[in-house]
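# A structural walkthrough
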Amino acid sequence: MRITFKSAALAATAAMGTFAFAAGGPVAAHHHGSAAAQPATQPSIVGVAQSTGVHNTLVAAVTAAGLADTLSTQGPITVFAPTDDAFGKLPDGTVDTLLKPENKGTLTAVLTYHAVAGAVTAGDLVKMIDDAGGAVTVDTLGGQKLTVSKFGDTLAITDAVGRTTVVAAADVQASNGVVHVTDGVFLPG
């Protein structure tokens, strides 16, 4: 199933702030709108992730890293949120190892690699890509870069180790930012 950025945002709004997830389908990259101010009744980024049923690993990781309060109160922040299936694509034992208390620093580096400052909508990303002539590099809160490009009607994000992930659902509004669902996990270099 293919959905547009606009329909993802409308579905999210219709679901009263719960996550609109397009299972197995990329998002068409043609919406050029910007994020509107959101009512205070919307959940935070963490609340959005908790409500989806497909971000349990991400929520556990955010909690283990001690980032739940930050992602619940500070903002605006844009989070590229890997699904449980995305975490499942990592080599066996990776998630369990990252969740151990002694690996909190590494886990924090991985998670902050999935966040950028500001409320960056899919339309904003498409405009930046078009203005840059095909791809744009964005700085993450973890201090590393991601490269965002369009692959047909889909936003593709390439991490520091060359893994490309697509945005499966975009522009889910939270009280403190924007969430874009991804089908993969970004790994810092």
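That block above? That's the structure.
Now for a description of the structure that goes with this document. Bear in mind the structure is a predicted one, so any value in this text is a computation, not a measurement. (Residues numbered from 1 in each chain as written. Predicted model: local features only at pLDDT ≥ 70, side-chain atom pairs only at ≥ 80, totals over all residues. Heavy atoms only, no water.)

Moving on, we come to the environment of D124. Looking at the element boundaries, D124 is found in helix 8 (residues 122-132). We classify D124 as partly exposed; its relative accessible area is 26%. In terms of polar contacts, D124 uses its side chain to reach the backbone amide nitrogen of T121, at 3.0 Å. (Helix = DSSP H or I, 4+ residues; strand = E, 2+ residues; numbered from the N terminus. Buried < 20%, exposed > 50% of the residue type's maximum accessible area, 1.4 Å probe, protein only. Polar contact = N/O pair within 3.5 Å; in protein donor to acceptor, adjacent residues only side chain to side chain.)

Once that is clear, we can look at the sheet that holds strand 3 (residues 77-82). With respect to topology, seven strands assemble into an open sheet ordered 4-3-9-8-7-6-5, the strand pairing being mixed. Whereas interior strands pair on both sides, the edge strands pair on one side only; in this sheet they are strand 4 (115-117) and strand 5 (135-139). With direction set aside, neighbouring strand axes in the sheet form an average angle of 30°. In this sheet, strand 6 (residues 145-151) lies alongside strand 5 in antiparallel orientation, the contact comprising five bridges. Of the residues in strand 6, the one forming a bridge with V138 is L146. Those strands touched by helix 2 (residues 45-52) are strand 3, strand 8 (164-174) and strand 9 (177-182), and its axis lies near 110° from that of strand 8. (Pairing = 2+ DSSP bridges. Axes fitted to C-alpha atoms, helices over the stretch in contact; angles between N-to-C directions. Contact = heavy atoms within 4.5 Å.)

What follows concerns the packing of helix 3 (residues 56-64) against helix 7 (residues 104-112). For the pair helix 3 and helix 7, interaxial distance at closest approach is 9 Å and the crossing angle is 125°. Our classification of the angle between helix 3 and helix 7 gives oblique. In this structure, helix 3 meets helix 7 at a crossing whose hand is left-handed. Residue-level inspection shows L58, A61, V62 and A64 of helix 3 in contact with helix 7, the latter providing K104, L107 and L111. For the contact of helix 3 with helix 7, the residue count by class is six nonpolar, no polar and one charged. (Parallel < 35°, antiparallel > 145°, perpendicular 65-115°, else oblique. Left-handed = near helix turned anticlockwise from the far one by under 90°. Nonpolar A, V, L, I, M, F, W, Y, C, P; charged D, E, K, R; others polar.)

Next up on the list: the side chain of T182. Here T182 is to be found in strand 9. Accessibility expressed as a relative area gives 0% for T182, which makes it buried. Residue contacts for T182: discarding those within four places in its chain leaves F80, A81, P82, T83, A86, T165, V166 and A168.

It is worth stressing that arrangement in space is one thing and function is another; only the former is reported here.
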